[in-house]
Amino acid sequence: MSDVFGTENSLRKADFVADVVNRTIHDLVIRCTRTEEIRDYYYLSVIGYGGTVGPAFGGSLVGRTAIPISEVAGMPARLEDRTKKVSDNAGGVVDTKIRFPIWMDPVSNGATPMCQAFGIVRDLLDQWVLEHKNGFPPTILHLTDGESTDGDPSQVGQEILSRSANDDAVVFFNCHASSRHSLKIEYPSNDSQLPDEFSKTLFNLSSPLPEAFQRVAGELGIKTEVGARGFVFNGDPVSVAQFFEIGTRPANLR
Amino acid sequence: MTESRVIPDLSVSCYLAPKQGSEARECEDSYSFNKTRRRFCIADGATEGFASRYWARLLVKHWTQYKKPFETLEERAAWAKSLGDRFDERWRDRQLSWFAEEKARSGAYAAFVALWFVEQGSHLRWRAIAIGDACLVVWRQKAILTSFPLDDPQNFGFRPILLPSKSSVQNTTLEGIEERTGEALPGDVLFLLTDAIAAWFLRAAKHAPEQILEFEEMLNRGIRNDLDEFIERARSNGSLRNDDVGVLRTQVAP
């Protein structure tokens, strides 16, 4: 995750990933905001893995999982001052100072203990489903920059895929981010173009893209075939950002 | 010699209900009427917006109090801008959380349909304008005479164009205002309906018109519990989408 990512030489992969995750959480919070209140439409867990494996929220949320979005909104690790271009209500735009929440900072470390991380996710799912039998099945977005360093994740990954709530299976999407400018493969419907066993393993652990997710992909200009899986291989910064957009936007509860 | 003119009287009944699972204070539909000026309107604040309930209320309240003809784009733009400014003013000096502040930057949106009557000899003529998917349905002799701007229940739910509170983006919407006019005969009933109940109404008119008669009878009697039970039944049997319900019924005296 310390590699340079994309075409901007100063951009470390870890910085980019932390930014995408913070923005994704930010957007989820905004979707749940009703004037000055937050509706708890979502509960969030973020698991990081590298040198350590476990909950990745910083600040007051350290160590916590399955957190109601209202609490997530109210407790970012800090608020950063940023500049954003907003309408001046007269046909132009002006730079406006905004407060942007940061929940987690970039971490880069060589190891990729994917099996251990999947095990934590599976246990979280089991607990969640036990407590919310009639709830909406959880969505799991997995982002990795390399192969598992603690064994084959297939079995524990299949255990995640097999979980369901209210008779619907969980949605498990996988995104592999690469710095090598290799050919990226987005949302394939079969594994014939995938280059190696690792990519095929992640493909097999990825849920088919439900219709609502396919619609969002289409809106982002991504064409998907029938049977497309929620899987990206050799993703660049654009595909990583889109992966989070596709994985979270369909749950827009109007 | 003076001509004797007896302009028919108008009777009004109305109903608002929040979506199932929400409280009355969360209902983002709003209506207003002024019988003296013969002005009636209903608005549906978009849940995704900021303070949409307030925006919907502002629109209906001020439209029914408005005294000018409301004919030209310039006049309509000035009216909408003054309300947009008033909306922004309400939040300007408030200390908001980061998420409310962010949401407030995008403002509120609402669907809106307004109805007024003008005298034409001893008759009344109705005029209406509409933005988005709130509808006017003219009901004559137990059948739909006009439904406007949508007349097919299949056409609801496709991201309608809504009236924004941000004045910088109001004009495009205002240019697309739809207008309609028609003769108001004695006994005609004109319903202003927000989207979910409008779609229900159009379906029921085709497949179960007795349901509309039952609903109308309840509106006439104005017994809140009966109406609530009717709506609950329609939601339970799947004929009515779970959304806020807003109805303003105006009848020209028979």
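The preceding data block contains the structure.
Residues numbered from 1 in each chain as written. Chains lettered and ligands numbered in written order. Predicted model: local features only at pLDDT ≥ 70, side-chain atom pairs only at ≥ 80, totals over all residues. Heavy atoms only, no water.

Draft legend 1. Molecular detail of empty space enclosed by the protein. With the rule as written, the count across this model stands at 2 cavities of 30 Å³ or more. Here the largest cavity defines a volume of roughly 60 Å³. If you go around the largest cavity, the residues you meet are A:R34, A:R39, A:Y41, B:K19, B:S22, B:E26, B:E28, B:T47 and B:D244. Residue composition of the lining of the largest cavity, grouped by class: 1 nonpolar, 2 polar and 6 charged. (1 Å grid on protein atoms, 1.4 Å probe; cavity = no way out; pocket = protein on both sides within 12 Å on 5 of 7 lines; lining within 4 Å. Points joined across faces, edges and corners; volume = space filled by probe spheres on them. Nonpolar A, V, L, I, M, F, W, Y, C, P; charged D, E, K, R; others polar.)

Draft legend 2. Representation of the sheet that holds strand β6 (residues 135–140) of chain B in the model. Residues and elements named next belong to chain B. Spatial strand order, β1-β11-β10-β6-β7: 5 strands in an open sheet with antiparallel pairing. This sheet does not close on itself; its edge strands, each paired only once, are β1 (10–17) and β7 (143–148). Strand-to-strand twist of the sheet, defined as the mean angle between neighbouring strand axes without regard to direction, takes the value 15°. Its contacts with the sheet place helix α6 (residues 209–221) against β1, β6, β10 (189–193) and β11 (245–252), and it is angled at close to 80° to β11. Across the sheet, helix α7 (residues 224–236) lies against β1 and β11, angled at about 55° from β1, the strand it touches most. (Pairing = 2+ DSSP bridges. Helix = DSSP H or I, 4+ residues; strand = E, 2+ residues; numbered from the N terminus. Axes fitted to C-alpha atoms, helices over the stretch in contact; angles between N-to-C directions. Contact = heavy atoms within 4.5 Å.)

Draft legend 3. Molecular detail of the pairing of strand β12 (residues 171–177) of chain A. All names here are of chain A. Most of β12 is tucked away: 7 of the 7 residues are buried. The two faces of β12 match: V171, F173, C175 and A177 on one face and F172, N174 and H176 on the other face are all buried. As judged from the 6 bridges shared by strand β9 (residues 139–144) and β12, these two strands associate in the parallel manner. Looking across to β12, one finds that T144 is bridged to H176. Pairing analysis gives 3 bridges linking β12 to strand β14 (residues 231–235), with the strands arranged parallel. Considered in β14, the bridge of N174 is made with F231. (Buried < 20%, exposed > 50% of the residue type's maximum accessible area, 1.4 Å probe, protein only.)

Draft legend 4. Summary view of helix α6 (residues 211–219) of chain A. Residues and elements named next belong to chain A. Every buried residue of α6 is listed here: F213, V216 and A217. In a view along the axis of α6, the buried residues occupy a sector of 105°, so they form one face of it. Across α6 from its buried face, at more than 90 degrees, point the exposed residues E211 and R215. Where α6 is buried, its residues meet β12 and α7 (237–248). (Arc of directions from axis to C-beta.)

Draft legend 5. Layout of the interface of chain B and chain A. Counting residues at the interface gives 25 residues for chain B, matched by 27 residues for chain A. A buried area of about 2,300 Å², summed over both sides, lies between chain B and chain A, and 47% of it is on carbon and sulfur atoms. At the junction of chain B and chain A, the tally comes to 5 salt bridges. Here A:E37 ties to B:R25 by a salt bridge, and the two come within 3.3 Å at their closest N and O atoms. For the pair chain B and chain A, the number of links is 10 residue pairs in polar contact (both at pLDDT 80 or more). Only α2 (73–92) and α3 (98–106) of chain B provide two or more residues apiece to the side of chain B that touches chain A. For the side of chain B that touches chain A, the element with the most residues is α3(B), which contributes 7 residues. When its residues are assigned to classes, the side of chain B that touches chain A shows 7 nonpolar, 5 polar and 13 charged. (Buried area = accessible area lost by both parts, 1.4 Å probe. Salt bridge = Lys/Arg side-chain N within 4 Å of Asp/Glu carboxyl O. Polar contact = N/O pair within 3.5 Å; in protein donor to acceptor, adjacent residues only side chain to side chain.)

Draft legend 6. Expanded view of the sheet that holds β14(A). Residue and element names in this part refer to chain A. Across the sheet, 4 strands lie side by side as β9-β12-β14-β13; this open sheet has mixed pairing. Only two strands of the sheet have a single neighbouring strand rather than two, namely β9 and β13 (185–186). The sheet contacts of α7 involve β9, β12, β13 and β14, and relative to β9 the element is tilted by about 170°.

Draft legend 7. Main features of unusual backbone geometry. Note the cis peptide between B:F148 and B:P149, where omega equals 5°. Take B:P149: it is sitting in the loop between β7 and β8 (163–164).

Draft legend 8. Local environment of the state of the cysteines. The full count for this structure, using the stated rule, is 0 disulfides over all chains. In this structure B:C27 is not part of a disulfide, and its nearest cysteine sulfur, from B:C14, lies 12 Å away. (Disulfide = S-S within 2.5 Å.)

Draft legend 9. Region of the structure containing helix α5 (residues 197–204) of chain A. The complete set of buried residues in α5(A) reads A:F198, A:S199, A:T201, A:L202 and A:F203. For α5(A), the elements touching its buried residues are α3 (114–131), β9, α4 (154–161), β12 and β14 of chain A.

These figures come from the coordinates and say nothing about function on their own.
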